[in-house]
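Here is how the chains run, residue by residue.
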Amino acid sequence: FIYLFNSNITLGKNGVPVAENFRLEQSTIADTVQAGQVRVKTLYLSVDPYMRCRMNEDTGSDYLRPWQLSEVADGGGIGVVEESQHHNLAKGDFVTSFTWPWQTAAILDGDSLQKLEPQLVNGRLSYFLGAAGITGLTALLGIREKGHVAAGANQTMVVSGAAGACGSVAGQIGRLEGCSRVVGIAGTDEKCSILVQEMGFDAAINYKKGDVAKQLRELCPDGVDVYFDNVGGDISDTVISQMNQNSHIILCGQISQYNKDVPYPPPLPPDIEKIQKERNITRQRFLVLNYMDKQEASVLQLCRWIQEGKLKVRETVVEGLANIGAAFQSMMNGGNIGKQIVSLSK
């Protein structure tokens, strides 16, 4: 079975993604595995906010290829090798790729795959799509490269989209790297409770309830030194207005803006841009792919934290390829806690 991009959004324009933007078809793959190839069974697929950009003819990024109408969609995936003609991969190996086709089975170029070691994540293979994968790398390297966190500096970090895949990891890493106070912003009381009780955030704000600016002032009495920004829009404007002199924004995502036809990163409103400049707040686009020379050591660090119980991982799992469109729609609407995973392992 394969899952095809079948958008009814006018490409490059405003629009809200729905499950009907995709369709499921049955197809066949080649009988023969050629030299250098492997035949794989898909176990897990990832759906992520950046994929909304791939629904536009112009993705706004030179590293993202737009999905093509009536072609198989792709993204992060994990599978097991069932047949191999590749010198470095054998039957039974677990492998991953950032461009895994949304198919139950596939024949792939072995050179495009990375072999996985399940013991590094206590056998939880899907973690390699989240906390021990690109998501975790984005959080860790974003904080290290753009956050300027220093142990003992009494810094306060705020994380928006804090109960999502990246935000839930980023807040914990902020603490591990030395922030003295971590406050999350999320969209439900349940999410806020999980952030505080399970993931060690000092406090969490439900942005759908009450005055966010007032709550921020109460919870961050010394202002905000580091802001891990996953959402953009009004929430980010509110946080930036309370940031300290020489503070730092880690510009990870802008999910509130992805359904709008605006440049990335979206420009700040004039009054917020004035605050940013007057307070010398850094706000630079962060792309984890620019730091792949640090990937191996960083993944090992993330895995150690997971093994030691210092990094708690949450996943929202949907079963079956037929439900991946609905999972994508739900994730874009905040329906997930932690990483949104689609399991094909049963």
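Rules used throughout
Residues numbered from 1 in each chain as written. Predicted model: local features only at pLDDT ≥ 70, side-chain atom pairs only at ≥ 80, totals over all residues. Heavy atoms only, no water. Axes fitted to C-alpha atoms, helices over the stretch in contact; angles between N-to-C directions. Helix = DSSP H or I, 4+ residues; strand = E, 2+ residues; numbered from the N terminus. Parallel < 35°, antiparallel > 145°, perpendicular 65-115°, else oblique. Contact = heavy atoms within 4.5 Å. Left-handed = near helix turned anticlockwise from the far one by under 90°. Nonpolar A, V, L, I, M, F, W, Y, C, P; charged D, E, K, R; others polar. Expected span 1.5 Å × (residues − 1). Buried < 20%, exposed > 50% of the residue type's maximum accessible area, 1.4 Å probe, protein only.

(A) Region of interest: the packing of helix α1 (residues 134-147) against helix α7 (residues 295-307). Remark: α1 packs on α7, axes separated minimally by 10 Å, with the N-to-C direction vectors making an angle of 105°. Considering the angle they form, α1 stands roughly perpendicular to α7. Each of Gly136, Leu137, Leu140, Leu141 and Arg144 in α1 lies in contact with α7, whose residues at this interface are Gln295, Ser298, Val299, Gln301, Leu302 and Trp305.

(B) Representation of the packing of α1 against helix α2 (residues 165-177) within the structure. Their axes nearest at 9 Å, the elements α1 and α2 cross at an angle of 40°. One element, α1, and the other, α2, form an angle in the oblique class. The hand of the α1/α2 crossing is right-handed. Residues Thr135, Gly136, Thr138, Ala139, Leu140, Ile143 and Arg144 of α1 lie in contact with α2, whose contacting residues are Ala165, Cys166, Val169, Ala170, Ile173, Gly174 and Glu177. Residues that form the contact of α1 with α2 fall into these classes: eight nonpolar, four polar and two charged.

(C) How the structure looks around α2. Taking 1.5 Å of rise per residue, 13 residues should cover 18 Å, and α2 covers 19 Å from first to last C-alpha, within 8% of that figure. Burial analysis of α2 places ten of its 13 residues in the buried class, which makes it a mostly covered element. Residues of α2 that are buried include every one of Ala165, Cys166, Gly167, Ser168, Val169, Ala170, Gly171, Gln172, Ile173 and Gly174, and no others. In this structure, the buried residues of α2 make contact with α1, β8 (156-160), β9 (181-186), β11 (224-229), α7 and β15 (339-343). Once α2 finishes, glycine 178 follows within two positions and takes phi at roughly 130°, a positive value.

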